[in-house]
Amino acid sequence: MGASLSLSQARRIALAAQGLDKGRPAGPVTSRAVGRTFARIQLVQIDSVNVLARSHFLPFFSRLGDYDRSILQQMAGRHPRRMLEYWAHEASYIRPEHFLDLVVWQNRKWVGAAGMDPGLRSGVTGRVLDALADGRPMTAAELTARLGHVEDRQHVNWGWNWNAVKRVLEHLFEEGVVSSASRTDQFERQYALTRQVLPGHDLDAVPDPSAAMDRLIDAAAQAHGIGTVRCFADYFRTPVKAAADSVQRLVDAGRLEPVTVTGWDRAVYRHAQARLPRQAAGRALLSPFDSLVFERRRLEELFGFHYRIEIYTPVAKRRFGYYVLPFLLRDRIVARVDLKADRAAGLLLAKACFGEPDAPADTAVELAAELQLMARWLGLDGIAVSPVGDLAPAVAAAVHGYPL
């Protein structure tokens, strides 16, 4: 067994790996800084909820502060692409170099064309591929109109009542044949052939599955810094058994080191390139879909923070709110706040603020400063703090000391 680490040391390793161990850049945030951040965290999860901001924008704010969101649109929508949509930790933007490795291990066959009439599926597939080969990127609705496809719509399963064109597109997306060239203002995918999205890539090469898994687990371990087999497998949502085999190969190769962590009663591994800073000095509001909080068991074991997103919980049963962001201060998660951007009123709404039992004395002041930074980044004119939660009065008082 390798080195023995305290829980505090393990937290600092994890925060450093995620780029959350120190303060944000003092000057303007460049596209290079955004690119370095993405290379560090390897992927960002995509979600359609826009109560505050699109989820893939938030991890960069947490690490960089007030940055230009159009940088991400350029990275994902222009050649040469540095971000590509694919299934990883749910729908995600990934680094293009991971694309073929993920295709090899993709097993999400519950969406797309499964169960379709084979004749209909074959015919629609051919017509979709022909249309995309000859034209510009199109949404599912645009392709449906282009093909003149008409069918009776079903209304039995809200949210999944896709027509045949959309189902075929999603199946081709899973297989890696079709990709998203960009997103519309309404956040609809604009589909294109993957060879058009990634010109110059050898998309016919089929990676060896074991080698592909090793690359994915190595990348996940770099992003985590320290973790268990389950932590690493969860990052790209790869099978745990295959991930465990990969971890052993990476240990043998010297890429991972088994370590013991006080209070963490599972086999733990540290990446060979992981840093252990002397202290953590960061401050960040974390998206519910941030990669630091992906694996909830890891979050609780490392930080003593129990966290569940309550979007789908009935209002009467919610403990903390609808869109609750954990608040990281230095090397601990010290509070949580339910946030909403009221764009019509120009306000950032802190609908509830709750401190953790051992939150330090400066939690409210630091959270108020973070809310001010977020409001400015979102282009909002002010902050309104509702009197909900034990931390709310102190945050409301502190907010008045931070005029936008």
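- Under an unreviewed UniProt entry, the name given to the chain is Winged helix-turn-helix domain-containing protein, and the source organism is Arthrobacter globiformis.

### Topic: the layout of surface pockets
Point 1. Put simply, the second largest pocket is a space of about 350 Å³.
Point 2. What lines the second largest pocket is a set of 17 residues, among which Phe-57, Gln-73, Arg-183, Thr-184 and Phe-187 lie closest to the centre.
Point 3. At the level of elements, helix H4 (70–77), strand E3 (84–88) and strand E5 (178–183) are the ones that each hand at least two residues to the lining of the second largest pocket.
Point 4. Here the lining of the second largest pocket is built from residues that sort into 7 nonpolar, 6 polar and 4 charged.

### Observations regarding the domain arrangement of the chain
Point 1. On domain assignment, one finds that the chain holds domain 1 (4–104 + 209–271), domain 2 (110–197) and domain 3 (308–401).
Point 2. Taking only C-alpha atoms into account, the centre of domain 2 sits 39 Å from that of domain 3.

### Things to note about the pattern of salt bridges
Point 1. In this structure the tally under the stated criterion is 23 salt bridges.
Point 2. The partner of Asp-101 in a salt bridge is Arg-215, and the shortest N-O contact between them spans 2.8 Å. Of this pair, Asp-101 sits in helix H5 (residues 99–104) while Arg-215 sits in helix H10 (residues 209–224), and the two are 114 residues apart along the sequence.
Point 3. On the accessibility criterion, Asp-101 (3% relative accessible area) is buried.
Point 4. Given a relative accessible area of 41%, Arg-215 falls into the partly exposed group.
Point 5. With a shortest N-O distance of 2.9 Å, Arg-189 and Glu-170 are connected by a salt bridge. Taken together, the positions of Arg-189 in strand E6 (residues 189–193) and Glu-170 in helix H8 (residues 164–175) put the pair 19 residues apart, joining distant regions of the chain.
Point 6. What you see here is one network of salt bridges that share partners, running through Glu-85, Lys-166, Glu-170, Arg-183 and Arg-189.

Reading the values: the criteria
Residues numbered from 1 in each chain as written. Predicted model: local features only at pLDDT ≥ 70, side-chain atom pairs only at ≥ 80, totals over all residues. Heavy atoms only, no water. 1 Å grid on protein atoms, 1.4 Å probe; cavity = no way out; pocket = protein on both sides within 12 Å on 5 of 7 lines; lining within 4 Å. Points joined across faces, edges and corners; volume = space filled by probe spheres on them. Helix = DSSP H or I, 4+ residues; strand = E, 2+ residues; numbered from the N terminus. Nonpolar A, V, L, I, M, F, W, Y, C, P; charged D, E, K, R; others polar. Domains from an automatic or database assignment. Salt bridge = Lys/Arg side-chain N within 4 Å of Asp/Glu carboxyl O. Buried < 20%, exposed > 50% of the residue type's maximum accessible area, 1.4 Å probe, protein only.

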